[in-house]
Amino acid sequence: EGAARLGDRVYWIGSHGANKDGKPRPGRRRLFATTLAVADGKVAITPVGVPYGRLVRDLARAPSLRGFRLEDAAKKSPHEEGALNIEGLCATPQGALLIGFRSPIPGGKALVVPLENPADVVAGAEANLGEPVLLPLDGLGVRSIEFSEPRKKYLVLAGPAGDAGNFHLYSWDGPPSVKAERCDK
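Reading the values: the criteria
Residues numbered from 1 in each chain as written. Predicted model: local features only at pLDDT ≥ 70, side-chain atom pairs only at ≥ 80, totals over all residues. Heavy atoms only, no water. Helix = DSSP H or I, 4+ residues; strand = E, 2+ residues; numbered from the N terminus. Rg over C-alpha atoms; globule rule 2.2 N^0.38 Å. Buried < 20%, exposed > 50% of the residue type's maximum accessible area, 1.4 Å probe, protein only. Contact = heavy atoms within 4.5 Å. Areas by Shrake-Rupley, 256 points an atom, 1.4 Å probe, with all protein chains shown as cover. Lys, Arg positive; Asp, Glu negative; His and termini not counted. Charge placed at Lys NZ, Arg CZ, Asp CG, Glu CD. Pairing = 2+ DSSP bridges. Axes fitted to C-alpha atoms, helices over the stretch in contact; angles between N-to-C directions. Core = buried A, V, L, I, M, F, W, Y, C linked by side-chain atoms within 4.5 Å. Polar contact = N/O pair within 3.5 Å; in protein donor to acceptor, adjacent residues only side chain to side chain. Disulfide = S-S within 2.5 Å.

Here we come to the overall build of the protein chain. Looking only at helices and strands, the protein chain features three helices and 12 strands. Over its C-alpha atoms the protein chain spans a radius of gyration of 16 Å, differing by no more than 12% from the 16 Å that the globule rule assigns to 185 residues. Considered along the principal axes of its C-alpha atoms, the protein chain spans approximately 50 × 40 × 30 Å. Burial analysis of the protein chain (185 residues in total) assigns 45% to the buried set. Here the contacts in the protein chain between residues at least 6 apart in sequence split such that 44% fall between residues at least 24 apart. When the accessible surface of the protein chain is summed, it comes to about 9,500 Å², and 50% of that surface belongs to carbon and sulfur atoms. Charge-centre separation for the protein chain: the mean point of 25 positive side chains lies 3 Å from the mean point of 21 negative side chains.

One open sheet accounts for four strands, arranged β1-β2-β3-β4; its pairing is antiparallel. The two strands at the open ends of the sheet, each matched to only one other strand, are β1 (2–6) and β4 (42–52). Adjacent strand axes in the sheet meet at a mean angle of 25°, parallel and antiparallel pairs treated alike. One ladder, built from eight bridges, connects strand β3 (residues 31–39) with β4; its direction is antiparallel. Bridge pairing in β4 links Thr34 to Pro47.

Right, let's talk about the sheet that holds strand β9 (residues 141–148) for a bit. The strand order β9-β10-β11-β12 describes an open sheet built from four strands, whose pairing is antiparallel. Where the open sheet ends on each side, the last strands, each with one partner, are β9 and β12 (180–182). The average angle at which neighbouring strand axes cross in this sheet is 30°, direction not considered.

Counting buried residues in strand β5 (residues 85–91) gives seven out of seven residues, a clear majority hidden from the surface. One ladder, built from six bridges, connects β5 with strand β6 (residues 97–103); its direction is antiparallel. Paired with Gly88 across the two strands is Gly100, which belongs to β6.

What follows concerns the nonpolar core. By size, the foremost hydrophobic cluster in this structure holds 31 residues, and its most contacted members are Leu55, Phe101 and Leu129. The residues touching Leu129, leaving out its near neighbours within four places in the chain, are Leu55, Asp58, Leu59, Ala62, Leu65, Val113, Pro114 and Leu115. In this structure, Cys90, Ile145, Val156 and Ala180 belong to the second largest nonpolar core, which totals 16 residues.

Along the chain, Arg102 falls in strand β6. For Arg102, the side chain forms a polar contact with the main-chain oxygen of Ala161, separated by 2.9 Å. At a separation of 3.4 Å, a polar atom in the side chain of Arg102 contacts the side chain of Asp163. The residues contacting Arg102, other than those within four sequence positions of it, are Asn85, Ile86, Glu87, Gly141, Val142, Arg143, Pro160, Ala161, Gly162 and Asp163.

This part covers the state of the cysteines. Evaluation of the coordinates by the stated rule reveals zero disulfides. With no disulfide of its own, Cys90 has Cys183 as its nearest cysteine by sulfur position, at a separation of 14 Å. A relative accessible area of 38% means that Cys183 is categorised as partly exposed.

As far as function goes, none of this settles anything; it's purely spatial.
Have a look at this one:
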């Protein structure tokens, strides 16, 4: 669902959502890393560390996230309101990753959770999750998030939790700010 580059590594994340019956889909519950290298015009992709499959557990255990009931959200069909669905992943200038949630959208605001130790996580350590940010994106969730180096801002593509509805582009200063400005008016 999302990918982000930090140095010579690219981190990849699955949706972490359940199947249509609300059952866990382990293949969707992965965070992993690769390196990319180009030699003689050929691209080589090499896995780094081990795929991490305990992010849902870590999200459920994080004291700052308990109120979002993400463990319960992970048991819902992706078509149910409030189901867990990750779509955004972005590197920060500080070397962390931001995880953007398509759903749930608590209180009509998009959920973004910092992952402070991505290199340690793909080496097998537990995820160190930072303070969540709730972005006012007009009731939409995160569909993609990218850092714009020239602007020193994040660009957030926001869309509905479901399959129908409008998409909009927002700019955001990043954590800890909770103010996002729509830029596609």
